[in-house]
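Below are the chains, spelled out letter by letter.
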Amino acid sequence: MSVYTLVGRDELAAWLRPLAVGELIEHAGIAAGMQNSNYFVTTAHGRFVLTLFESIAPATLAFYLRLQAHLADAGLPCPHPYADPQGNYWRMLCGKPAALLSCLPGRAIEEPTAVHCRAIGAALARLHLAAAGLADAPANPCGAAWRQAVGSSLLAALSTDEAALLADELTFQSAQNWKALPQGVIHADLFRDNVLWDDCGQPSGLLDFYFAGTDAWLFDLAVVANDWCPDGEKLSALCGGYGEIRPLTDGERVAWPAVRRAAALRFWLLRLEARHRPRAGEVVTVKNPDDFRHLLEKFRLAPDALPG
Ligand SMILES: Nc1ncnc2c1ncn2[C@@H]1O[C@H](COP(=O)(O)OP(=O)(O)O)[C@@H](O)[C@H]1O
Ligand SMILES: N[C@@H](CCOP(=O)(O)O)C(=O)O
């Protein structure tokens, strides 16, 4: 669980009033997530999710909320933010920018089948196409420049072996050029714990858009593959589902091994950062960086081809 900012009942009740979502009944911190403080909020009108953004610049936050509203309006199962009478999706609460979003039904699945992987592949491609054309999208905040900067800054904190691996991977990645790959807004963190499923096996919630930005669409597919697909059957299903909605290009097939490595590197670095530079909070989740180091080592030894 990550709750960095504690929200009192009276201040929340006052903050909710302009949204006209009914009187506050209760609120409780959510036992998941790493980046922000999340609460389930129950009012006389129903259940909602309150997010306090711990370190996102207001301009970027405005984009994230606009993106979710746009995708939900396009029929994707994304949370819709609630606006106040002035049309603002976020206002300050307890010193942090905060937003109220619709609470989506369903539950996360830890061990997806190939059927789930096919469905999430299709949902990811739909997300990419629906978000294309959204004006003023910022760049992926954790893109190539972030990986180089954070990777270099962590070298001194690592063991000799880890530092050698990281330095070599940073050199390899700095020679890659993704300019010719199809680009658009990517989710960038569509892990299993960011997707809810209904009882019919369909995604009912695509959550946590707070790393989104413009980058190669293939990178998003690699992020999903690294978390969802431990074997070839699931990877084929994921890529098949994706490709039915947006066929992959020859250039993407060539780039796949290096892009998959970049996706493993990105989350190795994020988790190393959380371990070596922990943030203070009431309750903080830190995930194991070694999972992604091992994945990166595997891809470096045996590059895999994009199925299909
Ligand atoms: N709109 C929503 N509807 C239902 N559950 C949600 C919603 N938003 C967040 N959650 C729950 O809260 C958890 C943490 O949210 P998340 O956005 O991943 O947090 P963080 O940004 O801190 O990583 C999710 O895994 C999910 O269980
Ligand atoms: N999904 C990433 C980290 C981001 O955490 P989230 O809780 O915001 O999805 C990981 O597993 O390292």
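Along each chain, residues carry numbers from 1 onward, in the same order as the chain's sequence is written. Chains and ligands are labelled by the order in which they are written, letters from A for the one and numbers from 1 for the other. Predicted model: local features are reported for residues with pLDDT of at least 70 only, side-chain atom pairs are reported and counted for 80 or more only, and whole-chain, interface and lining totals are derived from all residues. For the side-chain quantities, the full set of heavy atoms in the structure was used; hydrogens and water were omitted.

In this structure, A20 is a non-glycine residue whose phi angle is positive, near 55°. Mapped onto the secondary structure, A20 falls in the loop between helix 1 (9-16) and strand 1 (24-29). For every residue, the accessible area (1.4 Å probe, protein chains only) is compared with the maximum for its type, and the residue is labelled buried under 20%, exposed over 50%, or partly exposed between those bounds. Classification of A20 by relative accessible area gives exposed; the value is 57%. In this structure, D208 takes a positive phi of about 65° despite not being glycine. Helix and strand definitions follow DSSP, with helices as H or I runs of at least four residues and strands as E runs of at least two, each counted in order from the N terminus. The residue D208 is located in the loop between strand 8 (203-206) and strand 9 (213-216) in this model.

Further remarks concern the domain arrangement of the protein chain. An automatic or database domain assignment supplies the start and end points of every domain. Taken domain by domain, the protein chain comprises domain 1 (9-102) and domain 2 (114-301). Centre-to-centre, using C-alpha coordinates, domain 1 lies 26 Å away from domain 2. Carbon and sulfur atoms make up 68% of the surface buried where domain 1 meets domain 2, a total of about 2100 Å² over both sides. Any carboxyl oxygen of Asp or Glu within 4 Å of a side-chain nitrogen of Lys or Arg constitutes a salt bridge here. At the boundary of domain 1 with domain 2, the tally comes to 0 salt bridges. Two N or O atoms form a polar contact when they lie within 3.5 Å of each other; inside protein one atom must be a possible hydrogen donor and the other a possible acceptor, and for residues adjacent in sequence the pair counts only when both atoms belong to side chains. Counting across the interface, domain 1 meets domain 2 through 6 residue pairs in polar contact (both at pLDDT 80 or more). Any residue that is not Ala, Val, Leu, Ile, Met, Phe, Trp, Tyr, Cys, Pro, Asp, Glu, Lys or Arg is counted as polar, Gly included; the first ten are nonpolar and the last four charged. Residue composition of the side of domain 1 that touches domain 2, grouped by class: 14 nonpolar, 6 polar and 2 charged. By definition, the buried area sums, over both parts, the 1.4 Å-probe accessible area that each loses when the two are put together.

The subject of this paragraph is the nonpolar core. In this structure, L67, I120, L206, L221 and L238 are the most contacted members of the largest nonpolar core, which totals 80 residues. No other element matches helix 8 (residues 250-276), which puts 12 residues into this core. When residues of this core are assigned to domains, at least three map to each of domain 1 (9-102) and domain 2 (114-301). Two residues qualify as a contact provided that any one of their heavy atoms is within 4.5 Å of a heavy atom in the partner residue. Here L206 is in contact with L76, P77, C78, P79, I120, A123, L127, L190, N194 and V195, once residues within four sequence places are set aside. Nine residue types can take part in a nonpolar core, namely buried Ala, Val, Leu, Ile, Met, Phe, Trp, Tyr and Cys, and a core is a set of them joined through side-chain atoms within 4.5 Å. In terms of nonpolar packing, the next biggest core, distinct from the first, is built from 16 residues, V7, L12, A13 and L100 among them.

This next bit is on the pattern of salt bridges. One pass over the full model with this rule turns up 16 salt bridges. Between R293 and E162 there is a salt bridge, and its shortest N-O distance comes to 2.8 Å. Linking R293 in helix 9 (residues 290-301) with E162 in helix 5 (residues 160-174), this pair joins segments that are 131 residues apart in sequence. The class for E162 is buried, based on a relative accessible area of 16%. R260 is the partner of D304 in a salt bridge, and the nearest nitrogen-oxygen pair spans 2.4 Å. Residue D304 is found in the segment after helix 9, and its partner R260 is found in helix 8; the two are separated by 44 residues along the sequence.

Let us look at the packing of aromatic side chains. The geometry of two aromatic rings is summed up by the distance between their centres and the angle between their planes. Side-chain rings of Phe, Tyr and Trp, where Trp is taken by its six-membered ring, are said to pair if the distance between their centres is within 6.5 Å; with planes under 30 degrees apart they count as stacked, over 60 as edge-to-face, and otherwise as tilted. In the structure shown here, the tally under the stated rule is 9 aromatic pairs. Here the aromatic rings of F63 and Y64 are separated by 6.1 Å at their centres, their planes lie at 55°, and the arrangement is tilted. A relative accessible area of 3% places F63 in the buried class. A relative accessible area of 2% means that Y64 is categorised as buried. For the pair F267 and F292, a centre-to-centre distance of 5.8 Å together with 40° between the ring planes defines the contact as tilted. Here the residue F267 occupies a position in helix 8, and F292 occupies one in helix 9, the gap between them amounting to 25 residues. Among the residues examined, F292 registers a relative accessible area of 4% and is labelled buried. Ring-over charges, as used throughout, are those where CZ of Arg or NZ of Lys falls within 6 Å of the ring centre and within 35 degrees of the ring normal. Over the aromatic face of W15 sits the side chain of R91, whose NZ or CZ is 4.5 Å from the ring centroid. In this structure, R266 packs its charged tip against the face of F267, placed 4.6 Å from the ring centre.

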